[in-house]
Each structure stands twice: as structure tokens, then as C-alpha cells.
Amino acid sequence: MLPLTLPQNPSNPLKVLCLGAHSDDIEIGCGGTILHLLSSHRNLDVVWVVFSSGREREREARTSAALFLKHAKRKKVIVKNFRDGFFPYEGGRIKGFFEEIKKSIGPDLIFTHYRSDRHQDHRTISDLTWNTWRRHLILEYEIPKYDGDLGSPNCFVPLTRQICSRKTKYICDVFQTQNNKNWLTEDTFQATLRLRGVECAEQYAEAFYCRKLVFGTEPRLAADGTRARGRASSDAGKL
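Participant: What exactly am I supposed to notice about the confidence of the model for the protein here?
Facilitator: Low pLDDT marks stretches whose predicted atomic positions should not be read closely. Averaged over every residue, the pLDDT of the protein is 91; the share at 70 or more is 90%. Counting contacts from residues 233-238, a segment whose pLDDT is below 50, to residues more than four positions away or on other chains yields 19 contacts.

Participant: Whenever I open this one, the sheet that holds strand E1 (residues 14-20) confuses me. Can you help?
Facilitator: Paired through their backbone hydrogen bonds, the strands of a sheet run either parallel or antiparallel. Spatially, the seven strands line up as an open sheet ordered E3-E2-E1-E4-E5-E7-E6, and their pairing is mixed. Pairing within the sheet leaves two strands with one partner each, and these edge strands are strand E3 (74-79) and strand E6 (155-159). Averaged over neighbouring strand pairs, the angle between their axes works out to 25° when direction is ignored. Inspection of the sheet shows strand E5 (residues 137-141) paired to strand E7 (residues 204-209) by two bridges, in the antiparallel sense. The residue bridging Glu-140 from the neighbouring strand is Tyr-209, located in E7. Each of E1, strand E2 (44-50), strand E4 (109-113), E5, E6 and E7 touches helix H1 (residues 25-40); the most contacted strand, E7, lies at about 115° to it.

Participant: Any chance you could explain the pairing of E7 here in plain terms?
Facilitator: Regular strands have side chains that alternate between both faces of the sheet. For E7, the tally of buried residues reaches six of six residues, placing the bulk of the element in the interior. Taking every second residue as pointing to the same face, both faces of E7 are buried, with Tyr-204, Glu-206 and Phe-208 on one and Ala-205, Ala-207 and Tyr-209 on the other.

Participant: Just checking my understanding: could you explain the nonpolar core for this structure?
Facilitator: Across soluble globular proteins, you tend to see nonpolar side chains buried next to one another. Core analysis: the biggest nonpolar cluster contains 43 residues, and Val-16, Cys-18, Ile-34, Val-46, Trp-48, Phe-111 and Phe-208 have the highest contact counts within it. Ranked by the residues each element gives to this core, the list is headed by H1, at seven residues. With residues up to four places along the chain from it excluded, the contact list for Phe-111 reads Val-16, Leu-17, Cys-18, Leu-19, Cys-30, Thr-33, Ile-34, Leu-37, Leu-139, Tyr-141 and Phe-208. Within the second largest apolar cluster, 20 residues are counted, among which are Val-49, Phe-82, Ile-105 and Trp-130.

Participant: Looking at this structure, I do not really get the packing of aromatic side chains. What am I missing?
Facilitator: Remark: the centre distance and the inter-plane angle together describe each pair of aromatic rings, the angle taken between the planes. In total, this model carries eleven aromatic pairs according to the counting rule given. Ring centres 6.5 Å apart and planes at 80° place the aromatic pair Phe-82 and Phe-87 in the edge-to-face group. Between Phe-111 and Phe-208, the aromatic rings sit 5.4 Å apart at their centres with planes inclined by 50°, giving tilted as the arrangement. Of this pair, Phe-111 sits in strand E4 while Phe-208 sits in strand E7, and the two are 97 residues apart along the sequence. An identical accessibility class is assigned to Phe-111 and Phe-208; each is buried. Each member of the aromatic cluster is reached from another via a ring pair, and the members are Phe-51, Phe-82, Phe-87, Phe-97, Phe-98 and Trp-133. A cation over an aromatic ring shows up here: Arg-83 above the ring of Phe-86, its NZ or CZ 3.6 Å from the ring centre. The positively charged end of Arg-115 is found above the aromatic ring belonging to Trp-130, 5.6 Å away from the centroid.

Reading the values: rules and limits
Each residue is numbered by its place in its chain's sequence as written, counting from 1. Selection of residues for local features in this predicted model requires a pLDDT of at least 70, selection of side-chain atom pairs for listing and counting requires 80 or more, and totals for whole chains, interfaces and linings are taken over all residues. By convention in this description, side-chain values take in all heavy atoms of the structure and omit both hydrogens and water. Within a predicted model, pLDDT stands for the predictor's per-residue confidence, ranging from 0 to 100. Contact between two residues is taken to exist if any of their heavy atoms lie within 4.5 Å; hydrogens are not considered. Each pair of strands is called paired provided DSSP finds at least two bridges between the two strands. Each helix is a run of DSSP H or I of at least 4 residues and each strand a run of E of at least 2, with the numbering of both proceeding from the N terminus. Fitted lines through C-alpha atoms give the axes, limited to the stretch in contact for helices. The angle between two N-to-C directions lies from 0 to 180 degrees. Categorising residues by exposure relies on relative accessible area from a 1.4 Å probe, with only protein chains included: less than 20% of the type maximum marks a residue as buried, more than 50% marks it as exposed, and the intermediate range marks it as partly exposed. Remark: nonpolar core denotes a set of buried residues (Ala, Val, Leu, Ile, Met, Phe, Trp, Tyr, Cys) joined through side-chain atoms within 4.5 Å. Within 6.5 Å between ring centres, the rings of Phe, Tyr and Trp (the latter by its six-membered ring) count as paired, and their orientation is classed by plane angle as stacked under 30 degrees, edge-to-face over 60, tilted in between. A positively charged side chain is recorded as over a ring if its NZ (Lys) or CZ (Arg) lies within 6 Å of the ring centre. The angle to the ring normal must also be within 35 degrees.

This is how it looks when you write it as C-alpha cells:
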């Protein structure tokens, strides 16, 4: 399988935007990939956005983000308090906030929810992501849950056992408000990582849905003369 690599430029940081409806979504969906990127890219600029929280959930979100982004060169964590479970009915306010984010960051890579996720809040964030950014590399992550909505992803990020262990430990240690949920166990997350590893001929992996990917050995210039966002280099390497 031909691996792809994200660009590394000491003078031009790789800008990553992580979007999660709830306090633990980013960590569950792409936490291992974030840890992997931080171990392989020295110049990483991460904006981490959580859309729903309460007092305790915000504390957990910020504690977790601090762990996952410990080695980021630059990081910004934003925690909002849109009403949990009601995102489709708060669409106007959430869309307005998306427009604010759009003005403040031009990301190279965006992590967001899976378009066919059965949780209404997750779908709203996914839809607004694609509505807001049209020329960017967007990877949709998955969240295991009661609804049984895991699909057949087409993009995989192999992970080491050590990174998988850090991911699952951080999640289970930090999100104590969720410890009454039967899905918040290390074996739930390890099982998903192992399954996706099998699907890409690796030991462990996180998986994503990549709906649009543009190949090119030379980055195309946008209308303003800057490098166009959302391109993966075609030379050898891994994410």
C-alpha cells in the first residue's frame, strides 16, 4: 500500500484543526493520530475545539487537551457550551461560530466527525465542517457507540502500541464523569485500534473517511499566491 506524507517545513508550521462535539470526541476519534503527528512533526500548530461542555466536562476537556497536546509547538484550546443533544436546533449559532473559526485559522488538515455518525450533534459538526472549508484536507473520525454506526473507512494511520496505550490511558483517566458508561473502557478503544490495524495490514491504527484528496508533486498556488491547503505530498512516507 502506497503511504502518503504530510509536508514538514521548519519555517511553515503544519496547521491542524480538531473539531469535536463533546469533551472526549477528539481524543476517542483521532487522539492516537494527534500523538503520532506530534512525535513525527516538530512544527505543529493545533487548534482544538470542543462545542459542548458543562463545568466538569470543560475541566476534563482542558485537562485532556493539555495531555494530548503537551508537545505541540503552538496550541489553542477552545471549549464552548452549546446544548448537548440539541445541535441540529442550534445550527444557526453553531454556524456563526464556525465562521469565527474560519477567520482565525487556515488549516492544512481538519479532523471532524463522520458524516454518517448516528449522533445528531456529531452529524451537525461534520456537515458544518464541509460547509465551511471547501479547499482543505478533511478527515472524518469514528466514535464507537451503542448505535453501531461504524462503517468502512478508507484512510488509516498506523500507530505504535505505546501510542495506543497512551491514548486509552489518557481517556480513561481523565473523563471520570463518563465512568458509568459501559463503553468507557480501555478494551473498547484497544479493540477498535486493533481491528483498524488488521484492515490496513498493520498491528494498530486509527481510521478515517477521506472524501476528497488531491495528488500533486508541486503545491498549487491559491488565488492570493499562497500555498493551497489540503494537499498530501505524493513522495514516500506516512502520515
